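# Structural characterization, general
Each chain is listed here by its residues.
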Amino acid sequence: MYYRCLNHKCGFVGEGESVPTQCPSCGGVLEACEADTLSGADWTRMGIETLDAGENAQKAYACLQQAAIAGDLCGMNNLGWCLETGTGVECDKRQAVWIYEQVAEQGYLPGCTNLGFCKEHGIGTAVDRKGAAACYRYAAERGFGRAQCLLGLCYSNGVGVENDPKQAAHWFHRAAEQDNLEGMTHWAWCLENGCGVQANAQAAGVWYERAAAKGNAFAQRCVGVNYRFGECGVKPDAKEAACWFRLAAEQGDRIARYQLGLMYLLQELPGGAAAARPYLEQAAEQGLPQAMFRLHECLMALHEVEPAMEWLQRAAQADYADAQSRLGYCYDVGFHVPIDEKKMIYWYRRSIASNGIHGISNLGLCYKSGRGVEKDYKKAVELFEHAAELGDPHGMENLGDCYLTGEGVPRDVERGVALITQAFEKGLLSAGNNLGYDYENGIGVQKSMPDAVKWYRRAAERGNASAQCNLGSCLEHGTGVAVDVEQAVRWYRKAAEQGHVRGLCAYGRCLVYGIGCPVDVKAGRERLTRAALLGSSAAMCELGTLCAKTDAEQSVAWYEKAAEKGDCPTADSILGDMYRLGAGVPRNYRKAVEHYQKAAHAADAQAQYQLGQMLENGWGVQADGDRAYQYYEMAYQAGYKAACRAMGRCAEHGIGRPKNGRHALAYYREGAQAGDGMSMYELAQCYYQGRLVKKSKKQAEIWCERAWNTALESGQRAEITELLRMLTQKE
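Quick look at the structure, then. (Residues numbered from 1 in each chain as written. Predicted model: local features only at pLDDT ≥ 70, side-chain atom pairs only at ≥ 80, totals over all residues. Heavy atoms only, no water.)

### Some thoughts on the overall build of the protein
Secondary structure summary: the protein contains 39 helices and three strands in total. Its C-alpha atoms give the protein a radius of gyration of 40 Å, clearly above 27 Å, the size a compact globule of 731 residues would have. Its C-alpha atoms put the protein at 140 × 65 × 45 Å along the principal axes. Residues counted as buried form 47% of the 731 residues belonging to the protein. Restricting to contacts in the protein with at least 6 residues of sequence separation, those with at least 24 account for 42%. Total accessible area on the protein stands at roughly 35100 Å², and carbon and sulfur atoms take up 48% of it. (Helix = DSSP H or I, 4+ residues; strand = E, 2+ residues; numbered from the N terminus. Rg over C-alpha atoms; globule rule 2.2 N^0.38 Å. Buried < 20%, exposed > 50% of the residue type's maximum accessible area, 1.4 Å probe, protein only. Contact = heavy atoms within 4.5 Å. Areas by Shrake-Rupley, 256 points an atom, 1.4 Å probe, with all protein chains shown as cover.)

### Re the environment of Gly576
Within the secondary structure, Gly576 sits in helix H31 (residues 569–581). When sequence neighbours within four positions are dropped, the list of residues in contact with Gly576 reads Ala592, His595 and Tyr596.

### A few points about the sheet that holds strand S3 (residues 30–33)
A sheet is described by the order of its strands in space; here three strands give the open sequence S2-S1-S3, paired in antiparallel fashion. Where the open sheet ends on each side, the last strands, each with one partner, are strand S2 (13–15) and S3. Shown here is a sheet whose adjacent strand axes are inclined to one another by a mean of 30°, direction ignored. Relative to S3, strand S1 (residues 2–5) runs antiparallel, the two sharing four bridges. Pairing of Tyr2 across the sheet is with Cys33, part of S3. (Pairing = 2+ DSSP bridges. Axes fitted to C-alpha atoms, helices over the stretch in contact; angles between N-to-C directions.)

### Remarks on helix H7 (residues 145–157)
A rise of 1.5 Å per residue sets the reference length of H7, with its 13 residues, at 18 Å; its end C-alpha atoms lie 18 Å apart and thus fit the reference within 8%. Residues Gly145, Ala147, Gln148, Cys149, Leu150, Leu151, Gly152, Cys154 and Tyr155 constitute the buried set of H7. Next to the buried residues of H7 lie helix H5 (109–121), helix H6 (129–141), helix H8 (165–177) and helix H9 (181–193). Backbone geometry just downstream of H7 places Gly158 in the positive-phi region, at approximately 70°. (Expected span 1.5 Å × (residues − 1).)

### Description of the environment of Asn470
The residue Asn470 is located in helix H25 (residues 465–477) in this model. Sequence separation between Asn470 and Gly503 is 33 residues, and the spatial gap between their C-alpha atoms is 9.4 Å. Each residue touching Asn470, except ones within four places of it in the same chain, is listed here: Asn433, Tyr456 and Arg502. Of note is the side chain of Asn470, whose polar atom sits 3.0 Å from the side chain of Arg502. (Polar contact = N/O pair within 3.5 Å; in protein donor to acceptor, adjacent residues only side chain to side chain.)

### Notes on the packing of H25 against helix H27 (residues 501–513)
Between H25 and H27, the shortest axis-to-axis distance is 9 Å and the interhelical angle comes to 30°. With respect to the hand of their crossing, H25 and H27 are arranged in left-handed fashion. The segment H25 lies against H27, with Ser466, Cys469, Asn470 and Glu476 engaging Arg502, Gly503 and Arg509. Residue composition of the contact of H25 with H27, grouped by class: one nonpolar, three polar and three charged. (Left-handed = near helix turned anticlockwise from the far one by under 90°. Nonpolar A, V, L, I, M, F, W, Y, C, P; charged D, E, K, R; others polar.)

### Observations concerning the packing of aromatic side chains
Using the criterion set out here, one finds nine aromatic pairs in the structure. For the ring pair Tyr589 and Trp619, a centre distance of 5.7 Å and an interplane angle of 15° mean the geometry is stacked. You can see Tyr589 sitting in helix H32 (residues 589–601) and its partner Trp619 sitting in the loop between helix H33 (605–617) and helix H34 (625–637), a full 30 residues away along the chain. For Trp619, a relative accessible area of 32% gives the class partly exposed. Positioned over the ring face of Phe117 is Arg146, at 5.6 Å from the centre of the ring. Here Arg462 stacks its cationic end above the ring of Phe424, 4.7 Å away from the centre of that ring. (Phe/Tyr/Trp six-rings, centres within 6.5 Å; stacked < 30°, edge-to-face > 60°. Lys NZ or Arg CZ within 6 Å of the ring centre and 35° of its normal.)

### As for unusual backbone geometry
One non-glycine residue, Asp319, adopts positive backbone phi at about 65°. Of note in the backbone geometry, Asn355 takes a positive phi value of approximately 65° without being a glycine.

### Considering helix H1 (residues 40–52)
Turn by turn, an α-helix covers 3.6 residues, leaving residues three or four places apart pointing in a common direction. Taking 1.5 Å per residue as the helical rise, H1 with its 13 residues ought to reach 18 Å, and the 18 Å between its terminal C-alpha atoms agrees with that figure. For H1, the full list of buried residues reads Gly40, Asp42, Trp43, Thr44, Met46, Gly47 and Thr50. Following H1 by one or two positions, Gly54 has its phi on the positive side, about 70°.

By themselves, these observations are geometric and do not establish any function.
Okay, structure coming up:
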């Protein structure tokens, strides 16, 4: 049964088993009617409404067939669309083009436009770009918005006509004024970029918002970008940007999903990596390479390493240059993949082939170090220069380093510093921190702690966490700047707030011991634990020390974790002490020797001294005076003051070297004057016994009292106490 609305202004026509009580379109009265009373326009409207409602496509096609039989041009045009797209009928693109030709010959503008589109893209007919442009022009000149937009694209891309930005802008503008949404967005883009028309960012913003308000996803995304970065006449507003990105994302716009995920990932919106994940996953699954790369970073932040590395591989295979460079770096340093120099070079070169900038500088570093390729300073410099010319701050910094050291180029400190400064000013904050490190250690420049502090401060003030730690250390210890522990803690805290491992460790230590801030052991322990879980062996050692008095077992566990990492000789040295003294663990000289050996080979002076003790006395190892002396000498050369007594004892008794009393006394004096308690005790013994020096009870008593007042192990203090008792008793 068919029925129509009695309100002629409405014109609704429908089909059903019975007549509804009111018109679904205007609420008016409906009446039954016969099929043969329906006009072509009625059949067209019924077919289009059926399609729009997502109902039976075959029914819609049947309605449009009736419209075409009745000669309705709109119905014929939509019938052609059904055949072109296979909606409600088997796809037949040739038949669709034939129908478009029929309606175009009768001057129906949408049909003429559809015919042009088929000719442009070879849909159901041979490609004919000039013919397509002619079709668009016919409809455009007669005011059809879609044709005006498509003609603008022809002029923009040189399709069927000569490339002409002014003509493109003209037709986009006309389409925009017809409320054609794509026309609005293209016209806005022309205004924003000054393409074919004088640039007017504010007007561009207005047009983007008009199209966005009408539901155009691309325009919604553009408005989101404008609010994110404060472009096209609007102020930055993260919340407003997110609203527009969400609207576009809900329509499936993959770039909007990516932008929204990126805002969460970069902390522009609260929620971090967890909130970013679903948006980045959607965009990545839609095949957006940059979303794949950012999803890799997001998953790494969530500690989901395996899927993170899979997405990095997918982004690299999709020829995303930053991902290729990152993957090359992973193979370079063994970051969650085995070190593989061939793959490292392969991905750096693929990154360059994908027009990536970072890969150029990374490949230059390979030539500079000779990793994966033959060492070639000249080639390295060429690559750094190329990267720098392209605006890559990493290239500038690496080229600057070459000028500082004279590798591949004549040494030129002034130019080197200028290049590194340029890299820093372009946003590579690590360049400022690295230059500070160069000044602190005299690498390529004259050593200067004030200059080091200056660069650490510049980088720290702009947010570089490593520089914040370095500046904090300088302020804490008065290196190149006056001591200011409160300011040191401030910078440590800033680094910690960024999740920087060294910052967490340093700030945690300050909280635990009240260095420059009130004592807060709980908060300090929490930050040290975070740093330890992120792999900081220094934090593990601090936790080991913190647990020593309350939980010996946990203390040992933290020290052992630090030692297992292999980058903390202090942990091995402390474990050696614990096993030597039986502190927190059963006494075990053999294990003590093992830990001292590991730390000593890593140049830990305290461990070198203690290993000398073990070798001299045969504790946990076969006695060996010669080797004991070698380790004592290493510790002494490293400035370990307790080694002075050992060196004196070796000189006095001929352990590992010829006897020499004068040398022995000099070592004892040196250690005593440096504040070593046992060297003071040995000197006191010399004066008391008249050994190596003229006997003097007064001098013996002075040095013995000084020794007693120093921090010593309990057994050592007992020896000194006994000597002091003998010196002070009445004769």
